[in-house]
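Working through the structure, step by step
Below, each chain spelled out in residue letters.
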Amino acid sequence: MKICRFEAGRIGVLRGEQVFDVTSRVTPLLDANVPGDPLVTALPRLDPVLTDVSGCAALSKSSIKLLSPVARPGKIVAAPVNYSKHIAEMQANNVSPGFKITDIGKAGLFMKANSSLVGPSQGIAQRFLDRRTDYEVELVVVIGKPCDRVTATDALSYVAAYTLGLDITVRGTEDRSFRKSIDTYTVLGPWLTTADELPDPDQLHITLHQNGSLRQNGHTSDLVYSVARLIGYASSFYTLQPGDLLYTGTPEGVGPIRPGDVLRAECEALGAMDVTVRAA
């Protein structure tokens, strides 16, 4: 199942090129007081409501403005160096002096501020135009239930859904989280694809085009830490809650953005999102 959020926080179910507005059916079933994201927390009991869309308004997918499919993640966790070729290109280009990490096991994961999260239609407002700022396309895992010190063997059973993300990064000597947590620098979308549709997240082809030119062309089979291993690693340090996001790392091909750019992140199994860059 594919679930999106769009204008005014409405909730939709995608079927082909149509989006069925299920907001009025779903909203009364959400609990705003849960520790994680209300929609993701409720997903296990929403299946009958989301499956039967008869009587719901049908909209063209191209006519709506997509927001982040997760409205309220408790935390955004990200993997730094999780593709070998990306590690090599970062070393060769020396784009972040002072951050020459090559081993995710030694580097650990890092956090991005929740305030940096936006959906595709909101775009990227680029600050510090005098500094190099890069795109990074990533597979994103959406946690579906409390997850504390799980094994890699069990980890995928804690996933609610998958989606795509852009981890926008100012290069420099400051702490990684500081440079990656600017407003609009965490893009999520286009929608949630529930985990039952993706039995093996380590077999996904992900691309990023910049103004129509292919820049990143990666495959999750090349992850240094697989999706399951990443979940286990993260949960060994802190409990993951429903709606928490895990950005799994970016493949090679990262490069700078400028106002006016259009970035297209795409995966056949997860859909595509177009994101415009503007000056802040």
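Look above for the structure.
Not measured: the values here are computed from a predicted model. (Residues numbered from 1 in each chain as written. Predicted model: local features only at pLDDT ≥ 70, side-chain atom pairs only at ≥ 80, totals over all residues. Heavy atoms only, no water.)

1. Looking at the state of the cysteines
Going through the model one piece at a time under the given rule, you end up with zero disulfides. Unpaired in terms of disulfides, Cys 267 finds its nearest cysteine sulfur in Cys 4, a separation of 17 Å. (Disulfide = S-S within 2.5 Å.)

2. Some thoughts on the pattern of salt bridges
For the structure shown, the criterion picks out 15 salt bridges. In this structure, Lys 180 engages Glu 136 in a salt bridge whose closest nitrogen and oxygen atoms are separated by 3.4 Å. With a gap of 44 residues between them, Lys 180 in helix H6 (residues 176-180) and Glu 136 in the loop between strand E9 (133-135) and strand E10 (137-143) connect regions that are remote in the sequence. In this structure, Lys 180 and Glu 136 share a single accessibility class: buried. (Salt bridge = Lys/Arg side-chain N within 4 Å of Asp/Glu carboxyl O. Helix = DSSP H or I, 4+ residues; strand = E, 2+ residues; numbered from the N terminus. Buried < 20%, exposed > 50% of the residue type's maximum accessible area, 1.4 Å probe, protein only.)

3. What about helix H7 (residues 227-235)?
Of all nine residues in H7, eight are buried; the element is thus mostly enclosed. Listing the buried residues of H7 in full gives Val 227, Ala 228, Leu 230, Ile 231, Gly 232, Tyr 233, Ala 234 and Ser 235. In this structure, the buried residues of H7 make contact with helix H4 (104-107), E10, helix H5 (152-155), strand E11 (159-167) and strand E16 (245-247). (Contact = heavy atoms within 4.5 Å.)

4. As for the sheet that holds E9
Spatial ordering of the open sheet is given by E12-E9-E17, a layout of three strands whose pairing is antiparallel. Edge positions in the sheet fall to strand E12 (169-170) and strand E17 (255-256), since each has one partner strand and no second. Where E9 lies against E17, two bridges are found, and the strand directions are antiparallel. Residue pairing across strands places Tyr 135 opposite Gly 255, the latter belonging to E17. (Pairing = 2+ DSSP bridges.)

5. What about the pairing of strand E15 (residues 213-219)?
Taken together, the six bridges between strand E14 (residues 205-210) and E15 define a ladder with antiparallel strand orientation. Across the sheet, residue His 209 finds its bridge partner in E15, namely Leu 214. The antiparallel pairing of E14 with E15 creates a hairpin that spans two residues between the two strands, and Asn 211 there sits at a positive phi of about 50°.

6. Describing unusual backbone geometry
Residue Pro 190 is reached from Gly 189 by a cis peptide bond, and omega for that bond is 0°. By the secondary structure assignment, Pro 190 is in strand E13 (residues 186-194). Residue Ala 8 is not a glycine yet carries a positive backbone phi of 65°. Along the chain, the position of Ala 8 falls in the loop between strand E1 (2-6) and strand E2 (10-15). Judged by its relative accessible area of 81%, Ala 8 falls in the exposed class.

7. Quick notes on the packing of aromatic side chains
What the rule picks out here adds up to two aromatic pairs. Note on Tyr 233 and Phe 237: the rings are 6.0 Å apart at their centroids and 85° apart in plane angle, and the pair reads as edge-to-face. For Phe 237, a relative accessible area of 64% corresponds to the exposed category. Through a chain of ring-to-ring contacts, the aromatic side chains of Tyr 225, Tyr 233 and Phe 237 assemble into a single cluster. The ring of Phe 110 has Arg 176 sitting right over it, with the charged end atom 5.6 Å from the ring centre. (Phe/Tyr/Trp six-rings, centres within 6.5 Å; stacked < 30°, edge-to-face > 60°. Lys NZ or Arg CZ within 6 Å of the ring centre and 35° of its normal.)

Scope: geometric values only; no functional claims are made or implied.
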